[in-house]
Amino acid sequence: MSDHDVRIYEVGPRDGLQNEKEPIPTDAKLRFIELLADAGLREIETTSFVAPRAVPQLADADDLMARLERRPGVRYPVLVPNERGLERAEAAGADALCVFTAASEAFTRANINMSIAGSIDAFRPVLARARERGWWTRGYVSTAFGCPFQGEVGEAAVVGVARQLIDLGVDEVSIGDTIGVAAPRDVRRVVEALLRGGIAADRMAMHFHDTRGTALANVAAALELGIRCFDASTGGTGGCPFAPGAAGNLATEDLVYLLDREGLTHGVDLDALLVAAAHVSQTLGRPLSTKVGQAGGWRVP
Ligand code: HMG
Ligand code: MG
């Protein structure tokens, strides 16, 4: 998918917006997605085919997906929790999906009303059908660094769930710090355990929420360990409605600035990305809270 050093997997239209209380017009979401593609993003998680009652903000998924003007070379994955979601995604023209479970039982129950084992059973037919159709697939392992209900989460639980998702045939797993509690030492502990558990670095993405300001430090630690795919949300919005205390994702603009200064290529243009971030700010009617969104890139005098 990418000739660059690092893949930036944009989650703004999905994770970024899913927890917003005021309804956002579908047109504004579609414009956001266009601006993200204009900025060079090639993987844009677009929406979720979940129960509309669970996530009212994304209840327009069918309409949005059907109206999406797809650009060649851009992947538009959607979240799918069950066969019903797959049918909707298929009817709306999707061709890339993410299933999502977690490393803690309590969060999995709160989020998708399943046990972890039950979620794996639910995903089996979904992923089998997606594979038959040639779709790209991803599996999320949430609460990999901490659970809002159970507290600390051991790395063995993360490896166990990631392994089961890989065995079901997902192209990659995304390891989620759902409530933003990890620091680099946790990243090393979990990623090293995943690598020892036989999950290659190129089948892993890291999904950091920046609740406590540690997301960029966590990216730096993951880069050292050979991880090359990072989830991020333009404008720094985000959070799971079923994870009390969750706040915004790592901001894509902050990630892009770091990668640029590190000399790592990723294909995203910071100035164009800030146009997309400004659109988020305008749509939500509040100023951006992200560092680079406020300061801009560095214009060397
Ligand atoms: P349930 O209540 O156990 O399921 O929900 P159910 O099968 O009894 O269905 C309940 C109702 O939902 C029924 O409607 C179903 O028809 C309907 P009713 O008869 O009451 O009118 N329904 C659906 N409607 C549309 N599309 C569907 C669908 N499925 C059922 N696919 C369920 C179980 C999984 C459906 C529900 O709990 C759900 O949708 N949860 C989604 C939660 C969610 O989206 N969370 C946020 C994403 S995860 C996240 O943010 C973390 C992540 O970013 C990584 C990280 O940060 O760690 C990915
Ligand atoms: Mg998330």
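See the structure above.
S.K.: How should I be thinking about the site of ligand 1 in this particular structure?
M.R.: Taken together, 28 residues are adjacent to ligand 1, and Gln18, Arg53, Asn113, Ser142 and Thr178 come closest. One nitrogen or oxygen atom from the side chain of asparagine 111 is found 2.9 Å from a nitrogen atom belonging to ligand 1. At 2.6 Å, a side-chain N or O of threonine 178 approaches an oxygen atom of ligand 1. Protein coverage of the free-state accessible area of ligand 1, which is 1,100 Å², stands at 73%.

S.K.: Just to check I follow, could you spell out the nonpolar core for this structure?
M.R.: Side chains of nonpolar character tend, in soluble globular proteins, to be buried together. If you look at the biggest cluster of nonpolar residues, it comprises 105 residues, and the most contacted ones within it are Leu97, Ile175 and Phe230. Counting residues per element, this core draws most heavily on helix H2 (residues 26–38), which supplies seven residues. Setting aside its immediate chain neighbours within four residues, isoleucine 175 contacts Val141, Ala144, Phe145, Val158, Val190, Leu194, Met204, Ala205, Met206 and His207.

S.K.: Honestly, the packing of H2 against helix H11 (residues 270–284) in this entry has me stumped. Any pointers?
M.R.: Packed helices, taken two at a time, are described by the angle between their axes plus the distance between the axes. Interaxial distance between H2 and H11 falls to 8 Å at its minimum, and their mutual angle equals 165°. With respect to their mutual orientation, H2 and H11 come out roughly antiparallel. As H2 packs across H11, the resulting crossing turns out to be left-handed. Side by side, H2 and H11 meet where Ala28, Arg31, Phe32, Leu35, Leu36 and Asp38 of the first sit next to Ala272, Leu273, Val275, Ala276, His279, Val280 and Thr283 of the second. The residue makeup of the contact of H2 with H11, split by class, is nine nonpolar, two polar and two charged.

S.K.: Help me out: how do you make sense of the state of the cysteines in this one?
M.R.: By definition, a disulfide links the sulfur atoms of two cysteine residues through a covalent bond. A complete count under the given rule lists zero disulfides for this structure. This cysteine, cysteine 147, is not joined by any disulfide, and cysteine 240 carries the nearest cysteine sulfur, 11 Å off. Overall, cysteine 240 belongs to the buried group, its relative accessible area being 13%.

S.K.: Explanation requested: helix H10 (residues 252–261) in the structure shown.
M.R.: Two residues of an α-helix separated by three or four positions point the same way, owing to the 3.6 residues in each turn. All buried positions along H10 are accounted for by Thr252, Glu253, Asp254, Leu255, Val256 and Leu259. Its buried side turned inward, H10 meets strand S1 (7–10), helix H9 (215–224), strand S8 (229–232), H11 and helix H12 (291–295). Two residues or fewer after H10 comes glycine 263, characterised by a positive phi angle close to 75°.

S.K.: How do you make sense of the coordination of the magnesium ion (ligand 2) when you look at a structure like this?
M.R.: Ideal values differ by geometry: the angle at a metal is 109.5 degrees with four tetrahedral donors, but 90 or 180 degrees with six octahedral donors. The protein atoms that coordinate the magnesium ion (ligand 2) are Asp15 (OD), His207 (NE2) and His209 (NE2), at distances of 2.0 to 2.3 Å. Each donor residue of the magnesium ion (ligand 2) belongs to the same chain, with the gaps between them written as D-x191-H-x1-H. Highlighted residues: aspartate 15 in helix H1 (residues 12–18) and histidine 209 in the loop between strand S7 (204–208) and H9, separated in sequence by 194 residues. Taking relative accessible area as the criterion, aspartate 15 reaches 2% and is therefore assigned buried.

S.K.: Can you help me understand the pairing of S8 in this one?
M.R.: Consecutive side chains along a regular strand alternate between the two faces of the sheet. Here S8 shows a buried face lined by Cys229 and Asp231 and a second buried face lined by Phe230 and Ala232. Bridge analysis of S1 against S8 gives four bridges, and the strand direction is parallel. Across the sheet, the residue bridging to arginine 7 is cysteine 229, located in S8. Where S7 lies against S8, two bridges are found, and the strand directions are parallel. Looking at the pairing, histidine 207 lines up with aspartate 231 of S8. You can see the chain leave S7, run along H9 and come back into S8, and the turn it takes is right-handed.

Basis of the calculations
Residues numbered from 1 in each chain as written. Chains lettered and ligands numbered in written order. Predicted model: local features only at pLDDT ≥ 70, side-chain atom pairs only at ≥ 80, totals over all residues. Heavy atoms only, no water. Near = heavy atom within 4 Å. Polar contact = N/O pair within 3.5 Å; in protein donor to acceptor, adjacent residues only side chain to side chain. Areas by Shrake-Rupley, 256 points an atom, 1.4 Å probe, with all protein chains shown as cover. Core = buried A, V, L, I, M, F, W, Y, C linked by side-chain atoms within 4.5 Å. Buried < 20%, exposed > 50% of the residue type's maximum accessible area, 1.4 Å probe, protein only. Helix = DSSP H or I, 4+ residues; strand = E, 2+ residues; numbered from the N terminus. Contact = heavy atoms within 4.5 Å. Axes fitted to C-alpha atoms, helices over the stretch in contact; angles between N-to-C directions. Parallel < 35°, antiparallel > 145°, perpendicular 65-115°, else oblique. Left-handed = near helix turned anticlockwise from the far one by under 90°. Nonpolar A, V, L, I, M, F, W, Y, C, P; charged D, E, K, R; others polar. Disulfide = S-S within 2.5 Å. Donors = N, O, S within 2.8 Å, 3.2 Å for Na, K, Ca; no water. Pairing = 2+ DSSP bridges. Right-handed = clockwise from strand over helix to strand, strands pointing away.

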